[in-house]
Amino acid sequence: MKKTYNRNVQISKGNFIAFEGIDGSGKSTQVQILTEKLKQEGIYCYTTMEPTDSPIGSLIHQIMTGRIKADNKVIAALFAADRLDHLLNDINGIVSKINDGITVISDRYYFSSYAYHSVDMPMDWVIKANEQSSVILKPTVNIFIDVNPDTAIERIAKNRFHQELFEKKSRLVKVREKYLEAFEKLKESERVIIVDGNKSKQEIADDIWDKIKPYLAD
């Protein structure tokens, strides 16, 4: 797709790559590796994450760490609001960056809400709550790093000073199941690649690169 600024200059829109996975799946590491790889290929990238560090995102972080209590429906709605601001805010909104030809890589997007929040409420409700985000911007590709929940819990224990609200094995097992359910439910409208996250860091990175190259060429 082309965005025309004047008669002589056209800028290709950037791609949008969303990383998904249960906590401890290694998403953040793979975001960094892919970003460096794309830069080596001459593709300018902007990395971001959800929840954001905006006022709404900061409130979510306080809930996740137990400093503020909130009902699950309130938490789901806050994530949806934070996501819209992530897309549309004037300072560093994703949509404006993509329209300027920048490839954006996000650590989590709406499939995280579909998976995590549908453990407590109907998935259709969560999808509906995030409908505006999906209308505004669908990822070029969603990358799901699929890891064994036992492995994820081990990684969390090594890398966290405290455990957040959703970081329990019993819940992560359910969240993984909900991810797979959401991918099946939306397979006609979403591009999803699933990567084995139980391999070595470099093997995972190589697998991701091999699988996303066709999408970047679109």
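Here is what the cut-offs are and how they apply
Residues numbered from 1 in each chain as written. Predicted model: local features only at pLDDT ≥ 70, side-chain atom pairs only at ≥ 80, totals over all residues. Heavy atoms only, no water. Helix = DSSP H or I, 4+ residues; strand = E, 2+ residues; numbered from the N terminus. Rg over C-alpha atoms; globule rule 2.2 N^0.38 Å. Buried < 20%, exposed > 50% of the residue type's maximum accessible area, 1.4 Å probe, protein only. Areas by Shrake-Rupley, 256 points an atom, 1.4 Å probe, with all protein chains shown as cover. Lys, Arg positive; Asp, Glu negative; His and termini not counted. Charge placed at Lys NZ, Arg CZ, Asp CG, Glu CD. Polar contact = N/O pair within 3.5 Å; in protein donor to acceptor, adjacent residues only side chain to side chain. Salt bridge = Lys/Arg side-chain N within 4 Å of Asp/Glu carboxyl O. Core = buried A, V, L, I, M, F, W, Y, C linked by side-chain atoms within 4.5 Å. Contact = heavy atoms within 4.5 Å. Pairing = 2+ DSSP bridges. Axes fitted to C-alpha atoms, helices over the stretch in contact; angles between N-to-C directions.

Colleague: Provide a residue-level description of the overall build of the protein chain, including the pertinent values.
Modeller: Assigned secondary structure in the protein chain consists of 10 helices and 7 strands. In summary, the protein chain has a C-alpha radius of gyration of 17 Å against a globular reference of 17 Å for 218 residues, a match within 12%. With respect to the principal axes defined by its C-alpha atoms, the protein chain has extents near 55 × 35 × 35 Å. By residue count, 45% of the 218 residues in the protein chain fall in the buried class. Here the protein chain displays about 11,500 Å² of accessible surface, and carbon together with sulfur accounts for 50% of that area. The averaged location of the 31 negative side-chain charges in the protein chain is 1 Å from the averaged location of its 31 positive side-chain charges.

Colleague: Could you give an account of the environment of Glu131, with specific residues and numbers?
Modeller: Along the chain, Glu131 turns up in helix α7 (residues 131-136). Assessed through its relative accessible area of 33%, Glu131 is described here as partly exposed. In sequence terms Glu131 and Tyr110 are 21 residues apart; their C-alpha atoms lie 9.3 Å from each other.

Colleague: I'd like a description of the environment of Asp124, backed by residues and values.
Modeller: In this structure, Asp124 sits in helix α6 (residues 123-129). Each C-alpha atom, one on Asp124 and one on Tyr114, is 8.5 Å from the other, the two residues being 10 residues apart in sequence. Polar side-chain contacts of Asp124 include one of 3.0 Å to the side chain of Lys185.

Colleague: With reference to specific residues and values, describe the pattern of salt bridges.
Modeller: Across all of its chains, the model carries 13 salt bridges by this definition. Lys187 is the partner of Glu184 in a salt bridge, and the nearest nitrogen-oxygen pair spans 2.7 Å. Judged by its relative accessible area of 48%, Glu184 falls in the partly exposed class.

Colleague: So what's going on with the nonpolar core? Which residues, and what values?
Modeller: Core analysis: the largest hydrophobic core is formed by 29 residues, its most contacted members being Ile22, Phe111, Tyr114 and Tyr179. For this core, the elements supplying multiple residues, two or more each, are β3 (16-20), α3 (72-88), α4 (94-99), α5 (110-117), α6, α8 (149-159) and α9 (169-185). Look past the residues within four positions of Tyr114 in its chain and what remains in contact with it is Met123, Val126, Ile127, Asn130, Ser134, Ala182 and Leu186. One finds Phe19, Ile143, Ile208 and Ile212 within the second-largest nonpolar core, a separate group that totals 16 residues.

Colleague: Outline the sheet that holds strand β5 (residues 103-107), listing residues and values.
Modeller: Overall, parallel pairing links the 5 strands, which are arranged β4-β5-β3-β6-β7 in an open sheet. Strands at the two margins of the open sheet, each flanked by one partner only, are β4 (45-49) and β7 (192-196). Each strand of the sheet is rotated relative to its neighbour by a mean of 20°, with strand direction disregarded. As defined by bridge partners, strand β6 (residues 141-146) adjoins β7 across 5 bridges and the pair is classed as parallel. Pairing of Asp146 across the sheet is with Asp196, part of β7.

Colleague: Go over the pairing of β6, please, and point to the residues and values.
Modeller: Regular strands have side chains that alternate between both faces of the sheet. When you tally the buried positions in β6, you get 6 out of 6 residues, the bulk of the element. Along β6, one buried face is formed by Val141, Ile143 and Ile145 and the opposite face, lined by Asn142, Phe144 and Asp146, is buried too. Examined bridge by bridge, β3 and β6 share 4 bridges and lie parallel to one another. Bridged to Ala18 within β6 is Asn142.

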